[in-house]
Amino acid sequence: MTELRCRKTETLEGDKGEEELQSEPDSQTAPNGADLNDRPVADNTEDEGSVASDGADGQEQKEDDGVKEEEAQDKQEEVNRQEPSIKKSRSTSNSVILQRLVKLFFGCLAAVACGMLYAVYLSTYHDRKFWFSSRQELEREITFQGGSGLYYYYYKHMLTAPSFERGFYELTIDNRTVSGQTVNAVERLSLYPELITSLIYRVTGSQDLMEPIYFYIGAVFGLQAVYVTALFVCSWVMSGTWVAGMLAVAWYVINRPDTTKVDHAIPLRDNWALPYFSCQVAALTGFLSNNINSATEMFCYLTMSATTFTFLLVWEHSHYVLFIQGLCLFLLDSFDLVPPRKMADIHKVYLSSLFLAYLFQFQNPALLSSPLLSLLISSVLARYFQQNMKMGPLVARLMKLFLHFYLVFTTGITFSYLVKKLIPVSESDFILKFFEVKFGLNTTTDFVTNFLLCQESFQTPSQDLFLRLTQASVLPFYFLVLLVCLLSTLQTIYRRLSGEPMKTNLRLEDGRIGEQPEVIYHVFHTLLFGGLALLFEGMKYLWTPYVCMFTAFGVCSPDLWMTVFRWLRLKSIHPVVLALILSTAVPTIIGFSLWREYFPRVLAELSELQEFYDPDTVELMNWIKTQAPMAAVFAGSPQLLGTVKLCSGWAVTSLPLHSDINLLRRSEDTYQVYAMRSAEDVYKILTSHKTNYVIIEESICNELSHNKGCRIKDLLDISNGHVVYDRGEIYSFSKHGRFCHEIKMNYSPYTNYFTRVFWNRSYHVYKVNSVISFQY
């Protein structure tokens, strides 16, 4: 067969040569395109030679035909053998694509269903708790607790304005909120959620479909649905199964008192902002993953950009949260755990979002002095001066790494100091003083500092938080998942510092969950936010949701189980099979136990009618709306003044905003009605803020609390120097009685300065006399 193929090759080459030789005279005899058969016939010698050559060519042609037939048969047999394998590979690829599409469809369906069911659950629970649908408008507004109703007032203002443009302009030069001040309410209170919601309500023509208050709380509940959907997707992306997403949502709902504040204070900025942060974390998780294509990476990048900007826009504390996230990414970059290209893209997202937020927030100086911007600039400068940081042996890289940390933090502190000198920020010194007192480095008698330290959000969390998380079974599994991921991450860091490259195409058999960049990020994320949650109670709302997500990912991830089996060197049972079995069986058992124990409780919450009614506050607000003049200015506690502003629209002396040091100082002045001060002192303080009416609350005046040092009157006594220390006990002492008690006696000199105009069991309202009448 081989000889025939060689002969055939030689024959074909000979034929080609003859054809080329024949083509040359042909082209010469027929230059004008004439037919070759019309040439004149040659002599007899040429004819005989041509006959002989034709006979030889005919014999060679027969042999060539035989070779071609044999070769054609061989090719056909080879094609017949390859056809089944090609068909099999095509059918396998089609089945894999179909399987992925079905998995994606059901996963997306489950994510959307979880979000919608959670929104319906919140709406039903809210209606049952406050009897919301059966209340009047005033009673509904009072259910916005903790002074959060102030934000809803601006939403109402935008709807009552002649146009959106006119309403927006009035809020930028607001002189009817804080007495004696013209403020930009959009900038100071971060009112973009109310602006956007009111615009949508106007444009969509929802006036004929629902009341404004239902549209407002519906928007908040809708964002909470987005919140849990993002947690679902984040856990799904990391584990590869949407069962992890369902388990994350279940743990989130069960631990609702520790994951969200939407139950009692719907309009708070946290409830508007944290859903965007959750979407940003989910997009960042997908962006860091190595197993995505370019289209998915671009989608994650655009989503991350949009949500980062929105998060900065709607919450004044958002840049602090992004600073913690930036520290996590800085560690990933320093240990060379993520490609430099992706880190450069993330830096672009942060810088562009900060710049746009700075413009939209009317050149807010707090963003220029934010620690996030300092971290970004210092890390870029340090990387420029250390271009060979990720090269060299282990000891050299460790020394370069420590030098890199030193350069970044010293440069960041220097940049922040220079910015604060060029652009004075009033809160900077106060924040430093606050942390000094919080960590026991200093003591103070300042009312504002001690007042903030006594707020629940800034106190150390109690053991009840960890007890609740343990009872819901999330905390034990969380520690196990965190331990495995942390140890695997430390192994990866050691390998990278030793010069070993990271594997981008990991297989399940590798058992290296710590080499996935998205997993490493979430390990750093949960450690940093968990450390802050151990110091501040309010940080649990940023930590607990991701504890639920991270734990659900871990127990449902075959990679985590495979990592454990690789460490244990399991050989009796195939580790891959066992990992797949456990990643399905363990979450199934957990889900069944949670369903059995907590599902009846959830149904009981929805069926139980809770009684929430505050007749004294309703009576006070009705009196203010009907009896007080429109130009009146009210003084009182910030939480109550937020409700007064919401229900009546009258001007107030302070607002329930803990991020503004000037408003906190004004609150300290109005709180003096609960101090041991003379009537003349209190009168001068109130008139300096142009106060017409002051509201005294019985709950503050007669406050009984186990934490004695955190009562308002105790803080005031310490600030005013009206305390005596005796054998470790604190006693209040002053030549004047407590103002809120003495004024109720209705005798001079209190009646000279104040006149009682309204009272009930909870509130006493006194008019501040414009003309002092001296009666004895």
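Scope of this entry: the structure provided in the associated data block. Model, not experiment: these values are computed from the prediction. Throughout this document, residue positions are counted from 1 along each chain, in the order its sequence is written. Owing to the predicted nature of the model, reporting of local features is limited to residues with pLDDT of at least 70; listing and counting of side-chain atom pairs is limited to 80 or more, with chain, interface and lining totals taken over all residues. Just so you know, side-chain values use all the structure's heavy atoms and leave hydrogens and water out.

### What to know about the overall build of the protein
Selection rule: The numbering of helices and of strands both runs from the N terminus, where a helix is a DSSP run of H or I of at least 4 residues and a strand a run of E of at least 2. We call two residues in contact when some of their heavy atoms are within 4.5 Å. Here the accessible surface of atoms and residues is derived via Shrake-Rupley with a 1.4 Å probe, and residues count as covered only by protein chains that are part of the display.
When its secondary structure is counted, the protein shows 33 helices and 7 strands. Summarising the internal contacts of the protein: among those between residues at least 6 apart in sequence, 72% fall at separations of at least 24. Total accessible area on the protein is roughly 39000 Å²; 60% of this is exposed by carbon and sulfur atoms.

### Some thoughts on the pattern of salt bridges
The line we're drawing: A pairing counts as a salt bridge when a side-chain nitrogen of Lys or Arg comes within 4 Å of a carboxyl oxygen of Asp or Glu. Burial classes: relative accessible area under 20% of the type maximum marks a residue as buried, over 50% as exposed, and values in between as partly exposed (1.4 Å probe, protein chains only).
Going through the model one piece at a time under the given rule, you end up with 28 salt bridges. Among the ionic pairs, glutamate 211 bridges to arginine 140, the shortest N-O distance being 2.9 Å. Linking glutamate 211 in the loop between helix H7 (192–203) and helix H8 (212–239) with arginine 140 in helix H3 (residues 137–142), this pair joins segments that are 71 residues apart in sequence. Owing to a relative accessible area of 37%, glutamate 211 belongs among the partly exposed residues under this scheme. Taking relative accessible area as the criterion, arginine 140 reaches 6% and is therefore assigned buried. Note that aspartate 270 and lysine 261 form a salt bridge whose closest N and O atoms lie 2.9 Å from each other. Three or more residues joined by partner-sharing salt bridges are found here, namely Asp258, Arg468, Glu537 and Lys540.

### Concerning unusual backbone geometry
For the peptide bond that leads from serine 748 to proline 749, omega is 10°, which places it in the cis range. In this fold, proline 749 is placed in the loop between helix H32 (739–742) and helix H33 (750–753). Its identity as a non-glycine residue notwithstanding, aspartate 336 has a phi of 60°, on the positive side. Secondary-structure assignment places aspartate 336 in the loop between helix H13 (318–334) and helix H14 (340–360). Of the residues examined, aspartate 336 reaches a relative accessible area of 14% and is grouped as buried.

### Quick notes on the packing of helix H11 (residues 269–288) against helix H22 (residues 517–533)
Counted only if it meets this: With axes taken as lines fitted to C-alpha atoms, and helix axes fitted only over the stretch in contact, angles between N-to-C directions fall between 0 and 180 degrees. In this scheme the handedness of a crossing depends on how the near helix is turned from the far one: anticlockwise by less than a right angle means left-handed, clockwise means right-handed. Each residue gets one label: Ala, Val, Leu, Ile, Met, Phe, Trp, Tyr, Cys and Pro are nonpolar, Asp, Glu, Lys and Arg are charged, and the others, such as Gly, are polar.
At their nearest, the axes of H11 and H22 sit 8 Å apart, and the two run at 145° to each other. Considering the relative orientation of H11 and H22, their crossing is right-handed. Contacts between H11 and H22 pair Phe277, Val281, Leu284, Thr285 and Leu288 from the former with Pro517, Glu518, Tyr521, His522, His525 and Phe529 from the latter. A class-by-class count of the residues in the contact of H11 with H22 yields 7 nonpolar, 3 polar and 1 charged.

### What to know about empty space enclosed by the protein
Rule in force here: In this analysis a 1.4 Å probe is tested at points of a 1 Å grid over the protein atoms alone, and where it fits but cannot get out there is a cavity; an open set with protein on both sides within 12 Å along at least five of seven lines is a pocket; lining residues have an atom within 4 Å of a point. Grid points are joined across faces, edges and corners, and a volume is the space filled by probe spheres set on the points.
As enumerated under the stated definition, the model contains 6 cavities of 30 Å³ or more in all. Here the second largest cavity defines a volume of roughly 50 Å³. As for the second largest cavity, its lining consists of Gln224, Tyr227, Thr259, Thr260, Lys261, Asp270, Asn271, Leu274 and Tyr541. Listing elements by their share of the lining of the second largest cavity, those giving two or more residues are H8 and H11. Looking at the lining of the second largest cavity, the element that brings in the most residues is H11, giving 3 residues. Each residue belonging to the lining of the second largest cavity can be placed in one class, and the counts come to 3 nonpolar, 4 polar and 2 charged.

### Points about the layout of surface pockets
Reported here for the second largest pocket is a volume of approximately 1700 Å³. In this structure, the second largest pocket is lined by 50 residues; those nearest its centre are Trp236, Val237, Met238, Gly240 and Asn291. Elements that contribute at least two residues to the lining of the second largest pocket include exactly helix H2 (44–130), H8, H11, helix H12 (294–314), H22, helix H24 (558–568) and helix H25 (575–607). The dominant element in the lining of the second largest pocket, judged by the number of residues it contributes, is H8, at 8 residues. Across the lining of the second largest pocket, the residue classes tally to 24 nonpolar, 17 polar and 9 charged.

### With respect to the sheet that holds strand E1 (residues 633–635)
Condition: Two strands pair if DSSP finds at least two bridges between them.
With mixed pairing, 5 strands are arranged side by side in an open sheet as E2-E1-E3-E7-E6. The open sheet has two edge strands, strand E2 (651–652) and strand E6 (754–759), and neither has a second partner. Examined bridge by bridge, E1 and E2 share 2 bridges and lie parallel to one another. Its bridge partner lying in E2, phenylalanine 634 is registered against valine 652.

### Considering the pairing of strand E3 (residues 693–697)
Residues in a regular strand project their side chains so that they alternate between the two faces of the sheet. Taking burial as the measure, the 5 residues of E3 include 5 buried ones, the bulk of the element. Neither face of E3 is open: one carries Tyr693, Ile695 and Glu697, the other Val694 and Ile696, and all of them are buried. Where E1 lies against E3, 2 bridges are found, and the strand directions are parallel. Counted as the bridge partner of alanine 635 is valine 694 from E3. By the bridge criterion, 5 bridges tie E3 to strand E7 (residues 763–768) in an arrangement that is antiparallel. Residue pairing for E7: valine 694 is matched across the bridge by tyrosine 766.

### Looking at the packing of H22 against helix H23 (residues 540–556)
The interhelical angle for the contact between H22 and H23, taken along N-to-C directions, is 145°, at an axis separation of 9 Å. Note that H22 runs across H23; the crossing there is left-handed. Taken together, the residues of H23 that come into contact with H22 (itself represented by Val519, His522, Val523, His525, Thr526, Phe529, Gly530 and Ala533) are Lys540, Leu542, Trp543, Tyr546, Val547, Met549, Phe550 and Phe553. Residue composition of the contact of H22 with H23, grouped by class: 11 nonpolar, 4 polar and 1 charged.

### Remarks on the environment of valine 576
By secondary structure assignment, the location of valine 576 is in helix H25. Here the alpha-carbon distance between valine 576 and aspartate 559, two residues 17 residues apart in the chain, equals 9.1 Å. Apart from residues no more than four positions distant in its own chain, valine 576 is found in contact with Leu508, Glu509 and Met562.

### Remarks on a nonpolar patch on the surface
Our working definition: Only residues whose relative accessible area exceeds 30% and that form no salt bridge are eligible for patches; like-charged ones are grouped when within 9 Å, while nonpolar side chains (Val, Leu, Ile, Met, Phe, Trp, Tyr) are grouped when within 5 Å.
On the surface, a cluster of nonpolar side chains totalling about 500 Å² of accessible area is made up of Leu98, Val102, Phe105, Phe106 and Leu109. When its relative accessible area of 42% is taken as the criterion, phenylalanine 106 is described as partly exposed.

### Looking at the environment of valine 178
Its location among the elements puts valine 178 in the loop between helix H5 (164–172) and helix H6 (185–189). It is 9.1 Å that separates the C-alpha atoms of valine 178 and leucine 663, two residues lying 485 residues apart in sequence. Ignoring anything within four residues of it in the chain, the contact list for valine 178 reads Val652, Thr653, Leu655, Leu663 and Arg666.

### Regarding helix H4 (residues 149–160)
An α-helical turn contains 3.6 residues, so any two residues separated by three or four positions project in the same direction. Defined as follows: For a helix, the expected span equals 1.5 Å multiplied by the residue count minus one.
Relative to the 16 Å expected for 12 residues at 1.5 Å per residue, H4 spans 17 Å between its end C-alpha atoms, a close match to the ideal helical length. A large share of H4 lies buried, amounting to 9 of its 12 residues. Of all the residues in H4, the buried ones are Gly149, Leu150, Tyr151, Tyr152, Tyr153, Tyr154, Tyr155, His157 and Met158.

### Here's the deal with the environment of isoleucine 520
Mapping isoleucine 520 onto the fold places it in helix H22. Residues isoleucine 520 and leucine 490, spaced 30 residues apart in sequence, show a C-alpha to C-alpha distance of 9.5 Å.

### Some points on the side chain of aspartate 660
Selection rule: Polar contacts here mean pairs of N or O atoms no more than 3.5 Å apart (in protein, one a potential hydrogen donor and the other a potential acceptor; neighbouring residues in sequence count only if both atoms are side-chain atoms).
With respect to the helices and strands, aspartate 660 occurs in the loop between E2 and helix H28 (661–670). A polar contact of 3.0 Å, which involves the side chain of aspartate 660, links it to the backbone nitrogen of asparagine 662.

### Side note on the state of the cysteines
To be explicit about the condition: Only a pair of cysteine sulfur atoms within 2.5 Å qualifies as a disulfide here.
In total, this model carries 2 disulfides according to the counting rule given. Sulfur-sulfur distance for the disulfide between cysteine 454 and cysteine 710 comes to 2.0 Å. Linking cysteine 454 and cysteine 710, the disulfide has an S-S dihedral of approximately -75° and is accordingly described as left-handed. With cysteine 454 in the loop between helix H19 (447–453) and helix H20 (463–471) and cysteine 710 in the loop between helix H30 (698–701) and helix H31 (712–720), the pair connects residues that are 256 residues apart, well separated along the chain. Accessibility expressed as a relative area gives 18% for cysteine 454, which makes it buried. A residue is classified by how much of its surface remains accessible, and cysteine 710, at 22% relative accessible area, is partly exposed.

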